Amino acid sequence: MKDMLSHEIQAHADELIGLRRRFHSCPETAWEEFSTTQMICEYLKPLGYVLSQLPVKGHDTGLLATLCCGQGPVLTFRFDIDGLPVQESDSCSHFPVQEGFLSKNPGCMHACGHDGHIAIGLITAKLLHQNRNQLHGTLQLLFQPAEEGCRGAQPIAESGLLNTTDIFLSGHIVPAAQYPQITGDFMVTDGSYATTKLDVTYYGKAAHAAHPEDGRSVMPGTGCLLTRLYALMDAKNEDTVLNVGTLSAGTSRNILADQAHMEIEVRGKTTEKNMKLTEAVLTIIQDIAQAYGLQKDVKIVGSAPSLKSTQSLTEELYHLFSDASLPVQSSSLKTTAFMASEDAAHLMEAVKCHGGQAAYLLFPVHTSALLHQPDYTFDEAVLSKAVEVYCRTALHFLAKDKTLSDQ
């Protein structure tokens with residue numbers, strides 16, 4: 001079975017790369033993944049998966065694909081599908097330019113590897129369907145929208161969709177240069193930055209700029225807010241990060257600006273540290289509004305706790321991929337933190353709260369740039385390795401001669 005699976009994966013290598021490039025060329029940002037979702041549906045429908053819309057009110061992207069193979073454990077794999085509002089590089093040295101799969105959507109790009117994640121999920125679905133006679137239980141493939149900004153997973157987790165999941169697995173392609181500690185083809189994470197995403201608007205009163213006494217500009221307060229927020233980082237505390245990603249204010253040079261809108265995020269190496277920094281930011285926003293006589297509107301639009309993989313599942317995965325005869329090997333170092341935020345943490349916590357086990361994997365690969373940069377792309381050899389991990393994990397936990405009590 002080991003040699004047969006590897007042979008099947010290699011036989012699908014060209015299709016795997018082709019799918020990645022197809023999705024790379026038509027990226028869509030969070031909650032706008034309509035074409036992406038349609039392409040996923042068109043691929044999975046002939047395979048016999050039951051396709052269901054995700055229980056997220058007000059949004060119609062993403063889907064759950066289910067393959068029922070009799071009684072047994074419920075295994076859920078999650079793959080994120082959204083792109084980023086990044087203008088992709090059109091340099092002749094950029095690999096997607098050379099190979100003809102540059103983003104066709106101006107100002108939008110798969111700059112975080114999600115195009116690869118989708119392709120991994122689809123080929124995993126195809127191969128497991130072909131080997132369904134080896135499975136005993138239920139396989140769920142969750143193609144999740146709106147991972148960027150940490151908005152998509154929490155409503156799915158709160159819906160109860162994963163209440164029956166026994167084993168949950170997700171992962172991310174990462175730049176090997178940032179993770180030199182990963183000596184094998186993958187590593188299980190046990191930590192990440194928790195995060196809170198805030199939309200903040202200050203309201204003043206417009207007036208002619210020659211008569212400032214007739215209005216109230218939001219500019220002085222907004223400038224003071226920026227200074228005070230970034231002062232929180234002056235100590236260069238590596239345990240927390242803060243960023244004001246966007247700021248828009250005013251309409252004309254001769255009109256007092258009556259609105260300022262900001263997109264702010266905070267991160268902490270633990271859920272507790274993120275909460276503490278979030279509280280400090282909210283206090284400063286309130287203090288500035290009062291000091292400058294401004295109205296305010298603050299919305300928390302996304303969040304994620306820190307990733308925490310189940311130790312017993314982590315150990316079993318490392319044991320499974322310790323076989324030297326396999327084409328995929330786990331890292332000799334057993335765990336590391338993900339140096340970013342991931343809303344899959346909400347899904348993992350939902351599974352664990354109902355007695356299930358969850359793990360998050362990192363797949364190191366050579367990249368042309370770091371995540372979220374316009375010239376980012378990755379070595380496509382990582383795709384087959386990730387498919388090996390997902391397929392072998394499914395065949396292991398849904399084996400016909402293995403019940404959940406044996407795990």
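As shown above, the structure is provided for reference.
The model shown is predicted, which means the values in this text are computed figures rather than measured ones.

1. Some remarks on the pairing of strand β5 (residues 167-175)
Taken across its 9 residues, β5 has 9 buried, putting it largely inside the fold. Side chains Ile167, Leu169, Gly171, Ile173 and Pro175 of β5 all project onto a buried face; the interleaved residues Phe168, Ser170, His172 and Val174 project onto the opposite face, where all are buried too. Taken together, the 3 bridges between strand β3 (residues 74-80) and β5 define a ladder with parallel strand orientation. Paired with Phe77 across the strands is Leu169, a residue of β5.

2. Brief notes about the packing of aromatic side chains
In total, this model carries 10 aromatic pairs according to the counting rule given. Here Phe186 and Phe321 contribute two aromatic rings whose centre-to-centre distance is 5.2 Å and whose plane-to-plane angle is 80°, an arrangement assigned as edge-to-face. Taken together, the residues Phe186 in strand β6 (residues 186-192) and Phe321 in the loop between α9 (311-320) and β11 (330-338) connect sequence positions 135 residues apart. An identical accessibility class is assigned to Phe186 and Phe321; each is buried.

3. Here's the deal with the environment of Ala119
With respect to the element layout, Ala119 can be found in helix α5 (residues 114-130). Overall, Ala119 belongs to the buried group, its relative accessible area being 0%. Excluding residues within four positions of it along the chain, Ala119 makes contact with Leu16, Leu19 and Arg20.

4. Regarding the sheet that holds strand β10 (residues 295-304)
Spatially, β8-β9-β7-β10 is the arrangement adopted by the 4 strands of the open sheet, whose pairing is antiparallel. Two strands in the sheet have a free side with no partner beyond their single neighbour: β8 (240-249) and β10. Within the sheet, the average angular offset between the axes of one strand and its neighbour, ignoring direction, is 15°. As judged from the 10 bridges shared by strand β7 (residues 194-203) and strand β9 (residues 259-268), these two strands associate in the antiparallel manner. Its bridge partner being in β9, Lys197 is matched across the sheet by Glu265. In the packing of helix α7 (residues 219-231) onto the sheet, the strands contacted are β7, β8 and β9, and the crossing angle to β8 comes to about 165°.

5. A few points about helix α8 (residues 271-291)
End to end, α8 covers 30 Å across 21 residues, agreeing with the expected 30 Å (1.5 Å per residue, within 8%). Of all the positions in α8, only Asn274, Leu277, Thr278, Val281, Ile284, Ile285, Ile288 and Ala289 are classed as buried. Each buried residue of α8 lies within a common arc of 135° when the element is viewed along its axis, so the set occupies one face. Across α8 from its buried face, at more than 90 degrees, point the exposed residues Glu272, Lys276, Gln290 and Ala291. In the stretch just after α8, Gly293 is the one whose phi turns positive, near 65°.

Conventions used here
Numbering of residues starts from 1 in each chain and follows the order in which that chain's sequence is written. In view of the model being predicted, local features appear only for residues whose pLDDT reaches at least 70, and side-chain atom pairs are presented and counted only at 80 or more, with totals across whole chains, interfaces and linings using the full set of residues. With hydrogens and water set aside, each side-chain value is computed from the structure's full complement of heavy atoms. Remark: exposure states derive from per-residue accessible area (1.4 Å probe, protein chains only) relative to the maximum for the residue type, with buried under 20%, exposed over 50%, and partly exposed in between. Secondary structure elements are taken from DSSP: a helix is a run of H or I of four residues or more, a strand is a run of E of two residues or more, and numbering for both begins at the N terminus. Pairing between two strands requires that DSSP report at least two bridges joining them. The rule is short: rings of Phe, Tyr and Trp, with Trp giving its six-membered ring, pair when the centres are within 6.5 Å, and they are stacked under 30 degrees, edge-to-face over 60, tilted in between. By definition in these notes, contact holds between two residues if any of their heavy atoms fall within 4.5 Å. Helix axes are fitted only over the stretch in contact, all axes being lines through C-alpha atoms; the angle between N-to-C directions runs from 0 to 180 degrees. One fewer than the residue count of a helix, multiplied by 1.5 Å, yields its expected span. For this quantity, the arc is that covered by the directions from the helix axis to the C-beta atoms.

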